[in-house]
Amino acid sequence: MINQEVLYRGKEPSAIRKLFEQGKKLKEKYGEDQVFDFSIGNPSVPSPAILNESLIALINDSSDHPNNSILHGYTSAAGDMNVRQSISSYLNETYDAKTDANYIYMSVGAAAGLSISLRAIVSSPDDEVIVFAPFFPEYEVFIDNAKAKTIVCYPDYNTFYPDTADFESKIAKNTKAIIINSPNNPTGIMYKEDIIVEITKILKNKEKEYGHPIYLISDEPYRELIFDNERYPFITNYYDNSIITYSFSKSLSIPGERIGYILVNPKCEDKDDLFAAICGAGRSLGYVCAPSIFQYMIPKVLGVASDINVYKENANLLYDELKKIGYHVVRPDGAFYMMMKALEDDDQSFSDRALEYNLLLVPSASFGVKGYVRIAFCQSKNKIIDSIPQFKKLYSSYT
Ligand code: PLP
């Protein structure tokens, strides 16, 4: 018999994917311009010009890449060393991060980075991994695949910051890791320095109490998408036993190209074994060698991002208009998501009602909280403007 667990995963797509597919049908029926698809986090801003220029240069000029005639060949399993060095130098200059290229592993996006990191850390089915709701739904899938238990901590709903008292109470002897994500999917909230300090202080005390490392995995695909030049508290500067999973998917608008990296903090207690376990997990999961042409492109595009102002304008416009109508929304600091309170307790039923107005809003239950919907505003400005009357009609249907 085939594996029922993955059969179930394959047969039951995520709430986001389900809605995305429903959106395609609505577009066929009503026309593209009549449907307001806020379901999926596909970047709407074109990639920066330098990205395509670098790729063309790599293809046209064999002297422009390190492997000469084998541009499309395998790199080292952990990735090309020149590329890893350039990432390390960039991070050290930008965040004073003291990273080391020897502890950077090139990955097939953040999804693979997370799966590999969890596989490297989890060693018993009793192990627990803490996530902060609302969270990216695939975390549960990856934790489950690593055979650990997902423990959910709840937020302060005014700020969508973690409730640190709840967090502290949920750390136990079997806690192996926690995952944080800032700027966050689905809220767009960035964890500023004060909350990072609070979280890491709690973790350090618990590490002492239990006598083993509790790894902090910081999942950072939106790190470059922060609206107001706020200083990003780079996690390795705050906590030794930390791992970063990064992705270029969102910052460079290339989610289809599958490129990112895992960074192990060189201050990690067991850094060499942890990095070796990451290489081993990459090998056993079949992720060895991230796409080579996209690896070679990275040194040319470090520190470059797609035009963030487009997302910022959309965020402000949508936030102001939704507030004016009467909705409760929390202003995002970055990424291209915001959470809106549903007008009834049942978020699925609210999302179903929104569909009647051709608004595709993801119910929050799949992000681990109830009573909200996520709006992915990675759309054209006109689309946002045209959606406002639909949001008004939806609101009126409840009054
Ligand atoms: N983590 C978060 C929070 C995300 O939102 C996503 C994608 O939407 C991922 C990880 C996966 O990103 P990637 O495309 O790099 O696999």
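Everything quoted here is computed from the prediction, not taken from an experiment.

## Quick word on the domain arrangement of the chain
- Entries for the chain in the domain assignment read domain 1 (4-48 + 306-396) and domain 2 (52-301).
- Between the C-alpha centres of domain 1 and domain 2 the distance comes to 26 Å.
- Around 2800 Å² of area is buried between domain 1 and domain 2 when both sides are counted, 58% of it from carbon and sulfur atoms.
- At the junction of domain 1 with domain 2, the criterion picks out 4 salt bridges.
- Those elements that provide at least two residues to the side of domain 1 that touches domain 2 are α1 (4-11), α11 (308-325), β11 (337-341) and β14 (372-376).
- Here the side of domain 1 that touches domain 2 gets 4 residues from one element, more than from any other, and that element is α11.
- Among the residues forming the side of domain 1 that touches domain 2, the class breakdown is 19 nonpolar, 8 polar and 6 charged.

## A short note on helix α9 (residues 271-284)
- If you check α9, its first and last C-alpha atoms are 20 Å apart, about what 14 residues at 1.5 Å a residue would give, namely 20 Å.
- Taken as a whole, α9 has its buried residues at Leu274, Phe275, Ile278, Ala281 and Gly282. Relative to the axis of α9, the buried residues are bounded by an arc of 120° and lie together on one face. Turned more than 90 degrees from where α9 packs its buried face, Asp273, Arg283 and Ser284 sit exposed.
- Here the buried face of α9 lies against α4 (81-95), β2 (104-107), α5 (109-121), β8 (215-219), β9 (242-247) and β10 (260-264).
- Glycine 286, located one to two residues past α9, shows a positive phi value of around 80°.

## Description of the packing of α5 against α9
- At a minimum axis separation of 8 Å, α5 and α9 run at an interaxial angle of 120°. The angle between α5 and α9 places the two elements in the oblique class. For the pair α5 and α9, the crossing hand works out as right-handed. Contacts between α5 and α9 involve Ile116, Arg119, Ala120 and Ile121 on the former and, on the latter, Leu274, Ala277, Ile278, Ala281, Gly282 and Ser284.
- A class-by-class count of the residues in the contact of α5 with α9 yields 7 nonpolar, 2 polar and 1 charged.

## Some remarks on the sheet that holds strand β13 (residues 362-363)
- If you walk across this open sheet you meet the 3 strands as β11-β14-β13, and the pairing is antiparallel. Lying at the two open borders of the sheet, with one neighbouring strand each, are β11 and β13.
- Bridge count for β11 against β14 is 5 bridges, and the pairing is antiparallel. When the bridges of β14 are listed, lysine 341 appears paired with tyrosine 372.

## What to know about the sheet that holds β9
- One open sheet holds the 7 strands; their spatial order is β2-β10-β9-β8-β7-β3-β4, and the pairing between them is mixed. Strand pairing shows two members of the sheet lacking a second neighbour, β2 and β4 (149-153), which therefore form its edges. Strand-to-strand twist in this sheet, taken as the mean axis angle between neighbours without regard to direction, amounts to 20°.
- Pairing analysis gives 5 bridges linking strand β3 (residues 128-132) to β4, with the strands arranged parallel. Residue pairing across strands places valine 129 opposite threonine 150, the latter belonging to β4.
- The strands touched by α4 are β2 and β10; relative to β2, the strand with the most contacts, the crossing angle is about 115°.

Parameters at a glance
Residues numbered from 1 in each chain as written. Predicted model: local features only at pLDDT ≥ 70, side-chain atom pairs only at ≥ 80, totals over all residues. Heavy atoms only, no water. Domains from an automatic or database assignment. Buried area = accessible area lost by both parts, 1.4 Å probe. Salt bridge = Lys/Arg side-chain N within 4 Å of Asp/Glu carboxyl O. Helix = DSSP H or I, 4+ residues; strand = E, 2+ residues; numbered from the N terminus. Nonpolar A, V, L, I, M, F, W, Y, C, P; charged D, E, K, R; others polar. Expected span 1.5 Å × (residues − 1). Buried < 20%, exposed > 50% of the residue type's maximum accessible area, 1.4 Å probe, protein only. Arc of directions from axis to C-beta. Contact = heavy atoms within 4.5 Å. Axes fitted to C-alpha atoms, helices over the stretch in contact; angles between N-to-C directions. Parallel < 35°, antiparallel > 145°, perpendicular 65-115°, else oblique. Left-handed = near helix turned anticlockwise from the far one by under 90°. Pairing = 2+ DSSP bridges.

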